[in-house]
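Structure assessment
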Amino acid sequence: MSFTIAIDGPAAAGKGTVSRAVAGHFGLAYLDTGLLYRVVGRKVLDGVEPVEAAQGLVAEDLRAEGLRGADVAQAASRVAAIPEVRAALVDFQRAFARRAGGAVLDGRDIGTVICPEAEAKLFVTASAEVRARRRWLELREAGSDVELEAVLADVHERDARDTERSEAPLRPADDAVVLDTSDLSIEEAVAQAVAAVNAARDAAPG
Ligand code: DC
């Protein structure tokens, strides 16, 4: 039986950490769908046309280096607003979601557009200030001397683009459990996510 867990939310809300932990807990495969948009954004920075880049995407591209940088994140957010780019990435995500054994996908539109029939849906969020501070600490640990204000501006800019675009905007699915991690430790966030998935599984037919 396939079991799909859809986890959406804004940048730096702790989605990736929660998703990886949930996938590990339930023994499911995990896809960070932001990476698909980052691959396309990376290729566009290299001069490839966005729709062509999305149509030509293959699984190995997700292992490329240099997909985590702020320039690639901004490029990803821009290409993600192009409907033809999103359309070209749908089949890849749905095939992953329905793989035997089940899967966790995280992104912005998994519960609303890609897998509206997912057995469990979570919307992981946190205040913009908390998200910016977390990202800033990560960047500083990685040796960057970027200012907190610059990271906060970047978070606001991506939030605006991700929530205001007309195609698949970022929003919780009506039946998603909203998990605000602003005041939670990683362990608390993961425990609440696992509990929400267990509740959804117990409620699922069959
Ligand atoms: O999760 P991330 O920061 O790696 O995502 C990079 C960008 O990709 C983000 O600004 C919005 C976009 N994205 C999207 O539109 N839909 C998804 N399912 C995942 C990411």
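Positions within a chain are numbered from 1, following the residues in the order the chain's sequence is written. Only residues with pLDDT of at least 70 get local features here, since the model is predicted, and only at 80 or more are side-chain atom pairs given and counted; chain-wide, interface and lining totals rely on the full set of residues. Think of the side-chain values as coming from all heavy atoms in the structure, minus any hydrogens and water.

Classification of residues uses two cut-offs on accessible area relative to the type maximum, computed with a 1.4 Å probe and protein chains only: under 20% is buried, over 50% is exposed, and between them is partly exposed. Runs of H or I in DSSP of at least four residues are treated as helices and runs of E of at least two as strands, each being numbered from the N terminus. With five of five residues buried, strand β1 (residues 4-8) is to be regarded as a mostly interior element. Alternating positions in β1 separate into two faces, Thr4, Ala6 and Asp8 on one and Ile5 and Ile7 on the other, with burial throughout. Judged from the four bridges that link them, β1 and strand β4 (residues 120-125) form a sheet pairing that is parallel. Residue Asp8 lies in a different strand from β4, and its bridge partner there is Phe123. Between any two strands, at least two bridges found by DSSP are needed for them to pair.

Turning our eyes to something else, we now look at the environment of Lys43. Its location among the elements puts Lys43 in helix α2 (residues 34-45). Judged by relative accessible area, Lys43 falls into the partly exposed class, the value being 24%. Spatially, the C-alpha atoms of Lys43 and Ala76 are 9.8 Å apart, while their sequence positions differ by 33 residues. Should any heavy atoms of two residues lie within 4.5 Å, those residues are counted as being in contact. Once residues lying within four places of it in the same chain are set aside, the contact partners of Lys43 are Val48, Ala53 and Asp61.

If you check helix α1 (residues 15-26), its first and last C-alpha atoms are 16 Å apart, about what 12 residues at 1.5 Å a residue would give, namely 16 Å. Among the residues making up α1, those that are buried are Lys15, Val18, Ser19, Val22, Ala23 and Phe26. Down the axis of α1, the smallest arc covering the buried residues is 130 degrees, so these residues share one side. For α1, the exposed residues set more than 90 degrees away from the buried face come down to Arg20, Gly24 and His25. One or two residues past the end of α1 sits Gly27, with phi positive at roughly 70 degrees. Here the expected length of a helix is defined as 1.5 Å per residue gap, with one fewer gap than residues. Taken from the helix axis, the directions to the C-beta atoms give the arc we talk about.

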